[in-house]
Amino acid sequence: SIYLDNHATTRVDPRVVAAMLPYFSEQYGNAGSVGHAFGEAARNAVEQSRAAIAASIGAESEEIVFTSGATESNNLAIRGIAERAKRRGNHLVSVRTEHKAVLDPLARLSRRGYEVTLVDVESHGSPRAGWLDPQRVADALRDDTALVSVMLANNEIGVIQPLGEIAAICRQRGVALHCDATQGVGKIPVDVRELGVDLMSFTAHKMYGPKGVGALYMRRSRPAVRLEPQITGGGQQDGVRSGTLNVAGIVGLATALQCCVEELPTEMKRLTEMRNQLWVRLHTRIAGVELCGPGLDERAVGGGPLRLPGNLDVAFGDVDGEALLLAMGNLAVSSGAACSSTDPSPSHVLLSLGLTEDLARSTLRFGFGRFNVASEVEIAAETVAGAVERLRGLR
Ligand code: PLP
């Protein structure tokens, strides 16, 4: 079978597994234990990992808070800032195409009296579809805006948002900026100082690390970020996030990130090439396909890509994505038909771009990753083309 669902999660790299193993069986101490070697070994492993992770994203060690993943990091950032006693006001700004792990905490806050503004992105059909014009953020800011939250790279259409420009606008207005960088870290260059963000979420399982461990970057230099802890207890991590540290997971996160950073330039090229090849094959073989999200050759202001290297999202028009998914056989991809098993409506991201429900339901998301090889592109294209043809024949 062929795995092209690397936005959902990734296979754990064997180097990551090897680095983690000793922390299950030999160095199994609690990083909070003092007075014995087991605790000290665990603590050293955590602190070395923290330093390595911080260095990989241009941060300082004390700016990294470990969590159970990006969902928790987003909740800690958004609710933590909103609930902080001394904030500017009750207004929060984000984007319609954010992940549910941002939109849901915002929706809950709005039910508690906060005011949330969700800004629009460029529409389907535009070469920059899904892209957020920084001016829209500038226009949404108010004197009582407490936080802006904008993702770095979209998990469905791969669009990379102009965080640098958005950060400049926020800084000028004195508003804190959170970034859900879950799909960006490890896949494109990420430096918190260059991006200018105050808080940034990321997670290990999207970059060949284990599930259930992630981190939140929190700026400590001025203006230092202050937030209300969401999980309290033993006071670990300066009380910002209590709970016994997931030592093996943290070592896994650090190793995974280091591997990604080392291989980044070559991987970006390789994944872009495979992704482009798949698009060429799909749209030459199948009539009426549409690319969702920004054009594959579109560039950001600094010259970087406007789309994640391994991302492709395609609407097939007159077929149902769920039926298409079932017809994929051994090809693992995702559909825009239902973005989660609990929510039967089509992808809110695609609807926000202005796709009709039917068109949104006809999409497939392809995500190339480290363990994909070039020969899989042809097999994938053939599988999809065959399935679309069959399903269209049934109509
Ligand atoms: N944010 C984005 C953009 C994602 O793609 C995901 C993954 O589904 C998450 C947040 C949630 O991450 P986690 O599974 O680590 O909670």
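Criteria and thresholds
- Residues numbered from 1 in each chain as written.
- Predicted model: local features only at pLDDT ≥ 70, side-chain atom pairs only at ≥ 80, totals over all residues.
- UniProt positions renumbered as here; feature names shortened; annotations may be inferred.
- Pairing = 2+ DSSP bridges.
- Helix = DSSP H or I, 4+ residues; strand = E, 2+ residues; numbered from the N terminus.
- Contact = placed C-beta atoms within 7 Å.
- Axes fitted to C-alpha atoms, helices over the stretch in contact; angles between N-to-C directions.
- Near = placed C-beta within 6 Å.
- Nonpolar A, V, L, I, M, F, W, Y, C, P; charged D, E, K, R; others polar.
- Parallel < 35°, antiparallel > 145°, perpendicular 65-115°, else oblique.
- Left-handed = near helix turned anticlockwise from the far one by under 90°.
- Domains from an automatic or database assignment.

- You'll find the protein entered in an unreviewed UniProt entry as cysteine desulfurase, with Lacipirellula limnantheis given as the organism.
- Here the protein is described in UniProt, under the heading Catalytic activity (unreviewed entry), as follows: "(sulfur carrier)-H + L-cysteine = (sulfur carrier)-SH + L-alanine".
- Here the protein is described in UniProt, under the heading Sequence similarities (unreviewed entry), as follows: "Belongs to the class-V pyridoxal-phosphate-dependent aminotransferase family. NifS/IscS subfamily."

## Describing the sheet that holds strand β12 (residues 334–335)
And then number 1: Read across the open sheet, the 4 strands follow the order β9-β10-β13-β12; overall the sheet is antiparallel. With one partner strand each, in any of the chains shown, β9 (290–291) and β12 form the two edges of the open sheet.
And then number 2: Pairing of β9 with strand β10 (residues 311–315) involves 2 bridges; the strand directions are antiparallel. In the strand pairing of β10, L291 is matched with V314.
And then number 3: Its contacts with the sheet place helix α9 (residues 247–285) against β9, β10 and β13 (363–367), and it is angled at close to 15 degrees to β10.

## Describing the site of the ligand
And then number 1: Lining the immediate surroundings of the ligand are G69, A70, T71, H99, A101, M151, N155, D180, T182, Q183, T203 and G214.
And then number 2: Broken down by class, the residue content of the shell around the ligand amounts to 3 nonpolar, 8 polar and 1 charged.

## Some words on the packing of helix α4 (residues 70–82) against helix α5 (residues 100–111)
And then number 1: Where α4 meets α5, the axes come as close as 9 Å, and the angle between the chain directions of the two elements is 30 degrees. Here α5 runs roughly parallel to α4, going by the angle between their axes. For the pair α4 and α5, the crossing hand works out as right-handed. Along the contact surface, α4 presents A70, T71, N74, N75, I78, R79 and A82, while α5 presents A101, V102, P105, L106 and L109.
And then number 2: Class assignment for the residues of the contact of α4 with α5 results in 8 nonpolar, 3 polar and 1 charged.

## Topic: the domain arrangement of the protein
And then number 1: Domains assigned within the protein are domain 1 (2–8 + 263–393) and domain 2 (14–256).
And then number 2: Facing 28 residues of domain 1, the contacting portion of domain 2 comprises 24 residues.
And then number 3: Contributions of two or more residues to the side of domain 1 that touches domain 2 are made by α9, β10 and α11 (348–352).
And then number 4: Broken down by class, the residue content of the side of domain 1 that touches domain 2 amounts to 14 nonpolar, 9 polar and 5 charged.

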